[in-house]
Amino acid sequence: MPFDIVTANAHHIRQLTTWADEEGWNPGLTDGHAFFPTDPSGFLFGRLDGEAVASVSAVRYGSGFGFIGFYITRPEVRGQGYGIQVWRAATARLAGRNVGLDGVVDQQENYRKSGFRRAWNNIRYEGVPSPDGHDGADGVALADARTVSFDQLAAYDRRFFPERRDAFLASWIALPDRTGLVAVRDGALHGFAAVRPCSGASRIGPLYASGPGVAAALVRGLAATVPGALVAIDVPDVNRPAVRLAERLGLTPSFEAARMYTGETPDVDLSGLYGITSLELG
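Thresholds, definitions, all that
Residues numbered from 1 in each chain as written. Predicted model: local features only at pLDDT ≥ 70, side-chain atom pairs only at ≥ 80, totals over all residues. Heavy atoms only, no water. Core = buried A, V, L, I, M, F, W, Y, C linked by side-chain atoms within 4.5 Å. Buried < 20%, exposed > 50% of the residue type's maximum accessible area, 1.4 Å probe, protein only. Contact = heavy atoms within 4.5 Å. Phe/Tyr/Trp six-rings, centres within 6.5 Å; stacked < 30°, edge-to-face > 60°. Helix = DSSP H or I, 4+ residues; strand = E, 2+ residues; numbered from the N terminus. Pairing = 2+ DSSP bridges. Right-handed = clockwise from strand over helix to strand, strands pointing away. UniProt positions renumbered as here; feature names shortened; annotations may be inferred. Salt bridge = Lys/Arg side-chain N within 4 Å of Asp/Glu carboxyl O. Polar contact = N/O pair within 3.5 Å; in protein donor to acceptor, adjacent residues only side chain to side chain.

As recorded in an unreviewed UniProt entry, the chain goes by GNAT family N-acetyltransferase and comes from Streptomyces hebeiensis.

Draft legend 1. Layout of the nonpolar core. Counting 42 residues, the largest nonpolar core has F43, L153, F192 and L281 as the members making the most contacts within it. For L281, the residues in contact, after removing those within four places along its chain, are F35, T38, F43, V59, Y61, F67, F70, F161 and F168. The next biggest cluster of nonpolar side chains, apart from the first, holds 28 residues, and it includes Y125, L181, A246 and L251.

Draft legend 2. Inspection of the packing of aromatic side chains at higher detail. Counted according to the given criterion, the structure contains 21 aromatic pairs. Summarising the aromatic geometry, the rings of F160 and Y208 are spaced 4.1 Å apart at their centres and angled 15° between planes, so their arrangement reads as stacked. Taken together, the positions of F160 in the loop between α5 (150-158) and α6 (166-174) and Y208 in strand β10 (residues 202-209) put the pair 48 residues apart, joining distant regions of the chain. Summarising the burial analysis for this pair, F160 and Y208 share the class buried. Through successive ring pairs, a cluster of aromatic residues spans Y61, F65, F67, W120, F161 and Y261.

Draft legend 3. A look at the pairing of β10. Within β10, 8 of the 8 residues are buried, which leaves the element mostly enclosed by the surrounding structure. Pairing of strand β9 (residues 188-196) with β10, which is carried by 5 bridges, proceeds in the antiparallel orientation. For F192, the partnering residue across the bridge sits in β10 and is Y208. From the end of β9 to the start of β10, which pair antiparallel, there are 5 residues. Taken together, β10, helix α7 (residues 212-223) and strand β11 (residues 231-236) form a β-α-β motif whose crossover is right-handed. Of the pairings in the sheet, the one linking β10 to strand β13 (residues 273-275) comprises 2 bridges and is antiparallel in character.

Draft legend 4. Spotlight on the UniProt feature "domain: N-acetyltransferase" (unreviewed entry) in the chain. According to UniProt, the positions carrying the feature "domain: N-acetyltransferase" (unreviewed entry) are residues 3-149 and 140-280. Each end of residues 140-280 is marked by a C-alpha atom, and these two atoms are 31 Å apart; helix forms 28% of the span and strand 33%.

Draft legend 5. The pattern of salt bridges, seen in detail. Inspection of every chain in the model, using the stated rule, returns 17 salt bridges. In this structure, the salt-bridge partner of R196 is D31, at a minimum N-O distance of 2.9 Å. Highlighted residues: R196 in strand β9 and D31 in helix α2 (residues 31-38), separated in sequence by 165 residues. Overall, D31 belongs to the buried group, its relative accessible area being 0%. Taking the shortest distance from any N to any O, the salt bridge between D234 and R124 comes out at 2.8 Å. Here R124 lies in strand β6 (residues 117-127) and D234 lies in strand β11, a separation of 110 residues in the sequence. Both residues of the pair, D234 and R124, belong to the buried class. Three or more residues are tied together by salt bridges with common partners; here these are D31, D177, R178 and R196.

Draft legend 6. Representation of the side chain of N122 in the model. One can find N122 in strand β6. A distance of 2.8 Å separates the side chain of N122 from the side chain of W120, its partner in a polar contact. When neighbours within four sequence positions are excluded, N122 is seen to be in contact with D102, D234, V235, P236, F255, E256, A257, R259 and I276.

As structure tokens, this is what we get:
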């Protein structure tokens with residue numbers, strides 16, 4: 001049967017999130033609405049006799065960075081070489097860039113063979129955050145992220161991500177099913193976080209903060225918008241205060257993936273990165 005690789009259209013993005021959910025990755029219900037405009041040509045499907053059986057995203061950021069996600073082959077055709085073909089198409093699209101991904105445990109050795117090296121692990125902490133406790137964030141006020149200057153928010157986001165990603169960020173905070181909060185003191189941003197609904201626990205990401213007290217205030221502020229519901233945060237284990245905060249909030253590990261790069265680990269503010277934005281687009 002003929003096998004070909006095509007660029008996904010906006011309708012196909014729903015299929016990617018369905019597959020990711022079936023893999024247990026728990027993507028946001030409307031993440032695709034932010035993913036697609038980030039790089040509309042960056043989502044690929046492998047089709048067998050016209051039916052989609054494999055996927056991958058290869059999203060370009062700026063001139064020097066790229067991110068691979070949604071690398072999935074349907075269970076019924078695994079081991080037949082279709083997945084590696086879409087993988088090669090993805091890496092070809094990002095040739096010459098430093099490429100990142102979040103690799104699930106059983107694929108990490110394959111990624112190493114493809115030139116990726118581990119930078120840290122993202123550990124998903126999940127649960128209902130404890131409501132009590134002094135956060136140590138005196139003087140910081142929480143506000144709707146959509147009420148601050150977008151230029152200010154985008155510049156702040158750039159501290160924690162290898163390239164500017166304005167198209168992504170604008171969609172990420174504007175979608176009606178999610179809430180974004182910023183922590184502000186004397187007009188300066190000291191934190192930013194967003195929560196979005198998923199088929200399982202609601203996901204908080206990103207979670208940026210100038211310290212654990214600010215991060216805790218943001219988590220509790222977002223948890224209050226989904227009272228009593230489970231939330232999940234993908235915490236970089238390289239940030240030990242972030243790990244301790246997740247544990248102090250009563251969250252427990254439920255999933256793990258390695259952040260890997262083909263080049264040097266990007267120079268971002270890891271001390272302020274308490275939770276990554278997404279496993280699929282970084």
